[in-house]
Amino acid sequence: MEHRNATLGSGFTLMGILNDSRYPELLCAMISVLYVLAVTGNGLLLLVITVDARLHVPMYLLLGQLSLMDLLFTSVVTPKAVVDFLLSDTTISFGGCALQMFLALTLGGAEDLLLAFMAYDRYVAICHPLNYMVLMRPRVCWLMIATPWVLASLNAVGHTLYTMHFPFCMSRKIKHLLCEIPLLLKLACADASSYELMVYVTGVTFLLPPLAAILASYTLILYTVLHMPSNEGRQKALVTCSSHLTVVGMFYGAAMFMYILPSSLHSPKQDNIISVFYTIVTPALNPLIYSLRNKEVMGALRRVLGKYMLRTHVTI
């Protein structure tokens, strides 16, 4: 009981990449720029999809959810890391660590499932265009939006409660950018080997089936695209799918490294680099990947900004 009370009453120290860099000020500036880029890009993309009625179709509704998840995910980690570095205070309370873990697991898990649904949407649009409005009717689309949030939240609640119930009587220094299960289990003074296996199984269950569905969808899409008679249609399909596959590669590569690769093959420095990649770099790149090569999104962005500029001019 005393161990338990001590654990609840004390916090942790996050020793992230900014504390293990030769040029921490430069790295902090780069991370800050990437965060601003992520917030601006995802915020604009979410705004455009919400405001422009022409983008109220399943593909862009799902893309809007991806932007929302990226915006929230990077905001869970980046502002605290930057502020802590500037104030030279890297502590995080027990409750704060649990909350950060819950939010990170929820948003990461939801994005994992959402990417699979986005692949299915592209499969239906390209391989079964005549049945698209039936297979992707509004009820199905909203179910695709709600399912990742619900399943990821339930998974995150279970893992957060179980991880934080361990007594942490060893060093309170987490050599990572954020509170994550593998790093916290290294600090537990109770045997966590069985739970580590459970985390591995959950990671495989959450990551590999969606990834298999994505690869199967794009295999069928590629086969269909190569047999398209129209060069313009083929090019549009390839541009859309290549953007999605780029995002899939970045996200699943980092997630599989953290949760499927055996812990014996991890090092604190590698974990820190990977954490920066999927919490800061990927959210900053996703809106650029999806918008710069998408004529419909760029057209909608010009229309929204044009209306805003016109209203500003009339007001003045």
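Residues numbered from 1 in each chain as written. Predicted model: local features only at pLDDT ≥ 70, side-chain atom pairs only at ≥ 80, totals over all residues. Heavy atoms only, no water.

J.: Please clarify how the overall build of the protein chain should be interpreted in this entry.
T.: The helix and strand inventory of the protein chain stands at 11 helices and three strands. Tracing the protein chain from N to C terminus, the helices and strands come up as α-β-α-α-β-α-α-α-β-α-α-α-α-α. Computed over C-alpha atoms, the radius of gyration of the protein chain comes to 21 Å, within 12% of the 20 Å expected from 2.2 N^0.38 for 316 residues, which places it in the range of a compact globule. Counting only C-alpha atoms and orienting by the principal axes, one finds that the protein chain spans roughly 70 × 55 × 35 Å. (Helix = DSSP H or I, 4+ residues; strand = E, 2+ residues; numbered from the N terminus. Rg over C-alpha atoms; globule rule 2.2 N^0.38 Å.)

J.: What is the right way to read the state of the cysteines from this model?
T.: Between two cysteines, a covalent bond joining their sulfur atoms is known as a disulfide. Inspection of every chain in the model, using the stated rule, returns one disulfide. Covalently, Cys97 is tied to Cys179 through a disulfide, its sulfur atoms 2.1 Å apart. Measuring the twist about the S-S bond at about -125°, one finds the Cys97-Cys179 disulfide to be left-handed. Here Cys97 is found in helix H4 (residues 94-127), whereas its partner Cys179 is found in the loop between strand E3 (173-174) and helix H7 (181-185), with 82 residues between them in sequence. The exposure class of Cys97 is buried, given its relative accessible area of 0%. On the basis of relative accessibility, which here comes to 1%, the residue Cys179 falls in the buried class. (Disulfide = S-S within 2.5 Å. Buried < 20%, exposed > 50% of the residue type's maximum accessible area, 1.4 Å probe, protein only.)

J.: Would you explain the pattern of salt bridges in this entry?
T.: Note on pairing: side chains with opposite charge can pair once their charged atoms come close. Tallied over the entire structure, the rule returns three salt bridges. The shortest N-O distance in the salt bridge between Asp52 and Arg303 comes to 2.9 Å. One end of the pair, Asp52, is in the loop between helix H2 (24-51) and helix H3 (58-87); the other, Arg303, is in helix H11 (residues 295-315), with 251 residues separating them in the sequence. What makes Asp52 buried here is its relative accessible area of 8%. (Salt bridge = Lys/Arg side-chain N within 4 Å of Asp/Glu carboxyl O.)

J.: Could you clarify how one ought to interpret a nonpolar patch on the surface in this entry?
T.: On the surface, Leu44, Leu47, Val51 and Leu305 cluster together into a nonpolar patch covering about 320 Å² of accessible area. Considering the arrangement of structural elements, one finds Val51 in helix H2. (Patch = residues over 30% accessible without salt bridge, like charges linked within 9 Å, V, L, I, M, F, W, Y side chains within 5 Å. Areas by Shrake-Rupley, 256 points an atom, 1.4 Å probe, with all protein chains shown as cover.)

J.: Is there a simple way to explain the environment of His159 in this structure?
T.: Within the secondary structure, His159 is located in helix H6 (residues 138-163). His159 gets classed as buried once you look at its relative accessible area, which sits at 7%. As for His159 and Met101, which are separated by 58 residues in sequence, their C-alpha atoms are 8.9 Å apart.

J.: Explanation requested: the sheet that holds strand E1 (residues 12-14) in the structure shown.
T.: Strand pairing in a sheet takes place through backbone hydrogen bonds and is either antiparallel or parallel in direction. Strand order across the open sheet formed by three strands is E2-E1-E3, with mixed pairing between neighbours. Both edges of this open sheet fall to strand E2 (91-92) and E3, since each of them pairs with a single strand only. As paired elements, E1 and E2 share two bridges and run antiparallel to each other. Looking at E2, one finds that Phe12 is bridged to Ile92. (Pairing = 2+ DSSP bridges.)

J.: Just to check I follow, could you spell out the side chain of Glu180 for this structure?
T.: Inspection of the secondary structure puts Glu180 in the loop between E3 and H7. Lacking a salt bridge, the buried Glu180 has Lys186 as its closest oppositely charged neighbour, with an N-O distance of 11 Å. In contact with Glu180, not counting residues within four places along its chain, are Met101, Met258, Tyr259 and Tyr278. (Lys, Arg positive; Asp, Glu negative; His and termini not counted. Contact = heavy atoms within 4.5 Å.)

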